[in-house]
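Results of the structural survey
What follows is the residue order along each chain.
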Amino acid sequence: MTQLNSKIPKGPMEAKWDTYKSTCKLVNPANKRQLEIIVIGTGLAGASAAASLGELGYKVKTFCFQDSPRRAHSIAAQGGINAAKNYQNDGDSTFRLFYDTVKGGDYRAREGNVYRLASVSANIIDQCVAQGVPFAREYGGLLSNRSFGGTQVQRTFYAAGQTGQQLLIGAYQALERQVALGNVTQYSRHEMLEVVTIDGKARGVIVRNLVTGELERHFGHAVLLCSGGYGNVFYLSTNAMGSNVTAAWKAHKQGAYFGNPCFTQIHPTCIPVSGDHQSKLTLMSESLRNDGRIWVPKKQGDNRKPNEIPEEERDYYLERRYPAFGNLVPRDVASRAAKERCDAGYGVGASKQAVYLDYASAIERYGKIEANKQGLANANADTITKLGKEVVAEKYGNLFEMYEKITGENPYDIPMRIYPAVHYTMGGLWVDYELMTTVPGLYALGEANFSDHGANRLGASALMQGLADGYFVIPYTMGNYLADDIRTKSIPTDHPAFVEAEKSVRERIERLMNIKGTESVESFHKRLGKIMWDKCGMARNEQGLKQAIEEIKALRKEFWSNVRIPGEINEFNPELDKAGRVADFLELGELMCMDALHRSESCGGHFREESQTEDGEAMRNDEKFTYVAAWEYKADSQFELHKEDLNYEIVHPTQRSYK
């Protein structure tokens, strides 16, 4: 076991990033034109990084498996993006955003990275406004903010309920400008299947053209993985069906350590599962907790319609248990509270695995404000309701429409039914302060790395991290590395390392196709997801995790002997693409359970049933587990644990309280 060096600069916390930027090595413009960089993934992290590096003069290649970079899954983020601008004058600051993020992550994040994230957050908003992102504005023209979980200020900037889409269009425009100028070459419908290392450094990738099935070799002086998270290991999640772990997992098997794989996030506001036919879940944005109130009936098994249950017979359980934060507690706390109520018999809907998210009081409140604005002194209830609905529609309309399309119920009149679901992964490839993995020249940005959120991510911080990494961090840290590489000429792709890497990819694909079993890829993915959700989901225990490890090993063995993949290799074959991704999930799932088993404490989204307080809250063990668990791949089912100790100079760990 080695002790990992995070390379956090010395000096006061607020000066670390400025000191780094002032003293890091630079690459002059003429040399930048000779250096090639590969970017895998074109979501917010990948598109912003590629656009920024292209703008600086590097030669960049980007790869995405979608038909366009605009289809990257960042487009699905709805609620907003955090930044410490304090437009509301409500007490926000860089320090408070830093503090909320460390506390929200249950003191399992690295202070240096989090402070940097908080300090560049304000720049992100300026950048996006300059690109034309249509953020919501107040009457006077200032950008509007709303609240999200885990905070007592309003710092979330938003564009109705489609913030991720608007931010991605901004980053995409910046990327396409560089494509038009010839600084970036864009490869759509290409999937990375191997990292190529030469003399210990990442020097390229093997990708598969998903339309023709051909394998291609691409050289780069450095490789950036911006390929998102691995939530689809659970099968049912809020992620797009294509989202996968393959790029990160291939890097892991080439020597990049995997950090905190068991830290996965359950999002409290998803439309509940409706049956076995479902292949994904739909997220109702956390922004809805900003104005919505969450409740269950006070009586167990109450089958009345929600509007028939009088106010005094409703349990607004988050407001009751956490009066200081109410409906805006962090995601892990809100999710476990919903599970606890449903498990205790207070769930609603046909499945009884749901709680209500109610907008009636918000509609009334906004309606009264609007009536006052319009000078309607004695407005009747119908007028107030009508005016209130119009305000809510302006703020959250597309989310309400989406809910109605999926459920057939009108959430303006009937409370939404929600239940927690897998959403985001705080774990990912271990990176140092420069966002470099344990493989020199191989970087991980955005959700693909582990670095900024600890054991639980606060809402609206994913978009912030992806854009911070791409626009503001990697242009400096990559130059610091490439300054020593300016004498390295482009390595031809007939180099033995490329030949060998392509051969191993080809053999793996042929092995998959030659199994010719009887079960579909989907059925294996579904079975893996059930094991993961039941035994490594919202609650975990030693016995369940040990069982899960054995069940996953058996399932993997069955997959490699009985999976059926139709079609051919050298053609458009989505089933083959999916088979490769599920094969990687079957390996990752085992490591996640091993990580969850070794961490015999509860923290953030990792809830070990053996480690909880008397009133059911997560109980950390700071003496034993104040570290990042970074796993090194040794062989199938064999991983070695390395540790990075977390030192808290500023925010000293305490029992989290939102009461």
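Before reading further, recall that the structure is shown in the block above.
As a starting point, this report considers the structure included with it. (Residues numbered from 1 in each chain as written. Predicted model: local features only at pLDDT ≥ 70, side-chain atom pairs only at ≥ 80, totals over all residues. Heavy atoms only, no water.)

Right, let's talk about the overall build of the chain for a bit. Assigned secondary structure in the chain consists of 17 helices and 21 strands. Its C-alpha atoms give the chain a radius of gyration of 24 Å, near enough to 26 Å, the size a compact globule of 659 residues would have. Once the C-alpha set of the chain is aligned to its principal axes, its extents read approximately 80 × 55 × 50 Å. Out of the 659 residues in the chain, the part that is buried amounts to 60%. Within the chain, counting contacts between residues at least 6 apart in sequence, those at least 24 apart form 74% of the total. Per element, the accessible surface of the chain, about 24,800 Å² overall, is 48% carbon and sulfur. Separation between the mean location of the 79 positive side-chain charges and that of the 82 negative ones in the chain comes to 1 Å. (Helix = DSSP H or I, 4+ residues; strand = E, 2+ residues; numbered from the N terminus. Rg over C-alpha atoms; globule rule 2.2 N^0.38 Å. Buried < 20%, exposed > 50% of the residue type's maximum accessible area, 1.4 Å probe, protein only. Contact = heavy atoms within 4.5 Å. Areas by Shrake-Rupley, 256 points an atom, 1.4 Å probe, with all protein chains shown as cover. Lys, Arg positive; Asp, Glu negative; His and termini not counted. Charge placed at Lys NZ, Arg CZ, Asp CG, Glu CD.)

This part takes up the nonpolar core. Formed by 187 residues in total, the largest nonpolar core has its most connected members in Ile81, Leu224, Tyr443 and Phe559. Considering every element that reaches this core, the biggest residue donor is helix α16 (residues 574-598), with 12 residues. Those residues in contact with Tyr443 that sit more than four places away from it in its chain are Ala222, Val223, Leu224, Leu225, Glu434, Leu435, Met436, Thr437, Ile474, Thr477, Met478 and Tyr481. Membership of the second largest hydrophobic core comes to six residues, among which are Trp295, Ile309, Val348 and Tyr356. (Core = buried A, V, L, I, M, F, W, Y, C linked by side-chain atoms within 4.5 Å.)

Let us look at the state of the cysteines. What is meant by a disulfide is a covalent connection between two cysteines, made through their sulfur atoms. This structure, assessed with the given rule, holds zero disulfides. Here Cys24 stays unpaired: no disulfide links it, and the sulfur of Cys226, its closest cysteine neighbor, is 19 Å away. A residue is classified by how much of its surface remains accessible, and Cys24, at 10% relative accessible area, is buried. Cys536 takes part in no disulfide bond, and the closest cysteine sulfur, belonging to Cys593, lies 4.2 Å away. With a relative accessible area of 0%, Cys536 lands in the buried category. (Disulfide = S-S within 2.5 Å.)

Taken together, the four strands give an open sheet; going across it, the order is β16-β10-β20-β21, and neighbouring strands pair in antiparallel fashion. Edge positions in the sheet fall to β16 (428-429) and β21 (638-645), since each of these pairs with one other strand and no more. Where strand β20 (residues 627-635) lies against β21, eight bridges are found, and the strand directions are antiparallel. Counted as the bridge partner of Trp631 is Leu641 from β21. Here helix α7 (residues 246-253) sits on the sheet and contacts β10 (258-259), β16, β20 and β21; the angle it forms with β20, its principal contact strand, is near 75°. Together, β10, β20 and β21 form the strand contacts of α16, whose direction differs from that of β20 by roughly 140°. (Pairing = 2+ DSSP bridges. Axes fitted to C-alpha atoms, helices over the stretch in contact; angles between N-to-C directions.)

Quick look at a nonpolar patch on the surface now. Taken together, the side chains of Phe95, Tyr99 and Ile650 make up a nonpolar region of the molecular surface, amounting to roughly 240 Å² of accessible area. You can see Phe95 is positioned in helix α4 (residues 94-104). Classification of Phe95 as partly exposed rests on a relative accessible area of 40%. (Patch = residues over 30% accessible without salt bridge, like charges linked within 9 Å, V, L, I, M, F, W, Y side chains within 5 Å. Salt bridge = Lys/Arg side-chain N within 4 Å of Asp/Glu carboxyl O.)

Within strand β11 (residues 264-270), seven of the seven residues are buried, which leaves it mostly tucked inside the rest of the structure. Bridge count for β11 against strand β15 (residues 416-425) is five bridges, and the pairing is antiparallel. In the sheet register, Thr264 faces β15, and the bridge partner there is Thr425.

Another aspect to go through is helix α15 (residues 542-562). One full turn of an α-helix is made of 3.6 residues, so residues set three or four places apart face in the same direction. Given a rise of 1.5 Å per residue, 21 residues ought to cover 30 Å, and the 30 Å separating the end C-alpha atoms of α15 matches this to within 8%. Taken together, the buried positions of α15 are Gly544, Leu545, Ala548, Ile549, Ile552, Leu555, Arg556, Phe559, Trp560 and Asn562. (Expected span 1.5 Å × (residues − 1).)

Angle between the axes and distance between the axes: these two values describe a pair of packed helices. It is at 10 Å that the axes of helix α14 (residues 521-536) and α16 come closest, and there the two elements cross at 20°. What the angle tells us is that α14 and α16 run roughly parallel. With respect to the hand of their crossing, α14 and α16 are arranged in left-handed fashion. Together, Val521, Glu522, His525, Leu528, Met532 and Cys536 of α14 and Glu575, Lys578, Ala579, Val582, Phe585, Leu586, Gly589, Met592, Cys593 and Ala596 of α16 make up the contact between the two elements. Classifying every residue of the contact of α14 with α16 gives 11 nonpolar, two polar and three charged. (Parallel < 35°, antiparallel > 145°, perpendicular 65-115°, else oblique. Left-handed = near helix turned anticlockwise from the far one by under 90°. Nonpolar A, V, L, I, M, F, W, Y, C, P; charged D, E, K, R; others polar.)

This part takes up the packing of aromatic side chains. Following the criterion strictly, the structure yields 27 aromatic pairs and no others. Through pairs of rings, three or more aromatic residues link up here, namely Tyr230, Trp249, Phe258, Tyr633 and Phe639. Of note, Lys103 hangs over the ring of Tyr658, and the distance from its end group to the ring centre comes to 4.5 Å. (Phe/Tyr/Trp six-rings, centres within 6.5 Å; stacked < 30°, edge-to-face > 60°. Lys NZ or Arg CZ within 6 Å of the ring centre and 35° of its normal.)

This paragraph deals with the sheet that holds β11. Ordered by their spatial adjacency, five strands build an open sheet running β11-β15-β14-β12-β13, and the pairing between neighbours is antiparallel. Looking at which strands have only one partner, the edges of the open sheet turn out to be β11 and β13 (314-315). Here strand β14 (residues 355-358) pairs with β15 via three bridges, running antiparallel. Following the sheet pairing, Tyr356 is matched in β15 by Arg417.

Next up on the list: the environment of Pro306. For Pro306, the location among the structural elements is in the loop between β12 (293-297) and β13. What Pro306 contacts, discounting residues up to four positions off in sequence, is Trp295, Arg314, Tyr356, Ile414 and Pro415.

At Tyr107, a position not held by glycine, the phi torsion is positive, near 55°. Relative to the elements of secondary structure, Tyr107 occurs in the loop between α4 and α5 (111-131). One non-glycine residue, Asp199, lies in positive phi territory at about 50°. Counting through the fold element by element, Asp199 comes out in the loop between β6 (190-198) and β7 (201-209).

Nothing here speaks to function; it is all geometry.
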